[in-house]
Amino acid sequence: MTKRNDFSTAYIFDEATSDEGMLKADAASFHAFNPNGVTELLPDSEDFSHKGIFLSGLCLLYSRHENCHARRLRDYAMRRKAFTWADLRYCVNGIKRDAERAKSAMAEMKEAHDKKEGEAA
């Protein structure tokens, strides 16, 4: 696969649907900031609010702003840290895995809260 470095910023941040053909720095920016990038799989902070409670522990682990893989990916995209393709793929795969974990953990916590609320009534 040939890598290209002539993608426009608008394309990387807004139009691209995958990182195919991108250089690693562009691929990091795509996944960190593009609506089709992997970071968008993680829940946003407000998704951790449920019936007046905030699931802060889950937010720290899994929100797109606090997740450790998402933070590292943003550092790569903003050129704050040197990285390899393997580092980038590790973050991408970590975000995919954490997005799935977030869904199940949030569902469990909300179910437990609703059950506890039902028992108290």
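All of these numbers come straight from a predicted model, not from anything done at the bench.

Draft legend 1. Inspection of the pattern of salt bridges at higher detail. If you walk through the whole model with that rule in mind, you get 8 salt bridges. With a closest N to O distance of 2.8 Å, D19 and R89 form a salt bridge. Taken together, the residues span a long stretch of sequence, with D19 in the loop between α1 (9-15) and α2 (24-33) and R89 in helix α5 (residues 85-120) at a distance of 70 residues. Exposure remark for D19: the relative accessible area of 14% places this residue in the buried category. According to the relative accessible area criterion, R89 is partly exposed, its value standing at 32%. One salt bridge connects E100 with K103, and the closest N-O pair in it is separated by 3.7 Å.

Draft legend 2. Just α5, in detail. For α5, built from 36 residues, the straight-helix expectation of 52 Å at 1.5 Å per residue is met to within 8% by its first-to-last C-alpha distance of 52 Å. Those residues of α5 that sit buried are L88, C91, V92, G94, I95, D98, A99, A102, A105, M106 and H113. Residues of α5 that are buried make contact with α2, β1 (49-50), β2 (53-54), α3 (56-62) and α4 (68-77). Where α5 begins, the side chain of T84 points an oxygen toward the backbone nitrogen of A86, at a separation of 3.3 Å.

Draft legend 3. Region of interest: the nonpolar core. One finds M22, A28, L73, L88 and I95 to be the most contacted residues of the largest nonpolar core, which totals 20 residues. Elements with a contribution of two residues or more to this core: α2, α4 and α5. Per-element tally for this core: the top contributor is α5, with 5 residues. Look past the residues within four positions of L88 in its chain and what remains in contact with it is K24, A27, A28, L73, Y76 and F83. In terms of nonpolar packing, the next biggest core, distinct from the first, is built from 8 residues, F48, L58, C59 and Y62 among them.

Draft legend 4. Geometry of the packing of α2 against α4. Packing of α2 against α4 brings their axes to within 8 Å, and their N-to-C directions diverge by 135 degrees. What the angle tells us is that α2 and α4 run oblique. Taken as a pair, α2 and α4 cross one another with a handedness that is left-handed. Of the residues in α4, those touching α2 at A28, S29, H31, A32 and F33 are L73, R74, Y76 and A77.

Draft legend 5. Structural view of the side chain of H50. Relative to the helices and strands, H50 resides in strand β1. Overall, the relative accessible area of 12% leaves H50 in the buried class. A distance of 2.9 Å separates the side chain of H50 from the side chain of D114, its partner in a polar contact.

Draft legend 6. A look at the packing of α2 against α5. Interhelical geometry of α2 versus α5 gives an angle of 15 degrees and a closest axis separation of 10 Å. Taken together, the axis directions place α2 and α5 in an arrangement best described as roughly parallel. In the crossing of α2 with α5, the sense of the turn from one axis to the other is left-handed. Across the interface between the two elements, K24, A27, A28 and H31 from α2 touch W85, L88, R89 and V92 from α5. Of the residues assigned to the contact of α2 with α5, the class counts are 5 nonpolar, 1 polar and 2 charged.

Rules behind the numbers
Residues numbered from 1 in each chain as written. Predicted model: local features only at pLDDT ≥ 70, side-chain atom pairs only at ≥ 80, totals over all residues. Heavy atoms only, no water. Salt bridge = Lys/Arg side-chain N within 4 Å of Asp/Glu carboxyl O. Helix = DSSP H or I, 4+ residues; strand = E, 2+ residues; numbered from the N terminus. Buried < 20%, exposed > 50% of the residue type's maximum accessible area, 1.4 Å probe, protein only. Expected span 1.5 Å × (residues − 1). Contact = heavy atoms within 4.5 Å. Polar contact = N/O pair within 3.5 Å; in protein donor to acceptor, adjacent residues only side chain to side chain. Core = buried A, V, L, I, M, F, W, Y, C linked by side-chain atoms within 4.5 Å. Axes fitted to C-alpha atoms, helices over the stretch in contact; angles between N-to-C directions. Parallel < 35°, antiparallel > 145°, perpendicular 65-115°, else oblique. Left-handed = near helix turned anticlockwise from the far one by under 90°. Nonpolar A, V, L, I, M, F, W, Y, C, P; charged D, E, K, R; others polar.

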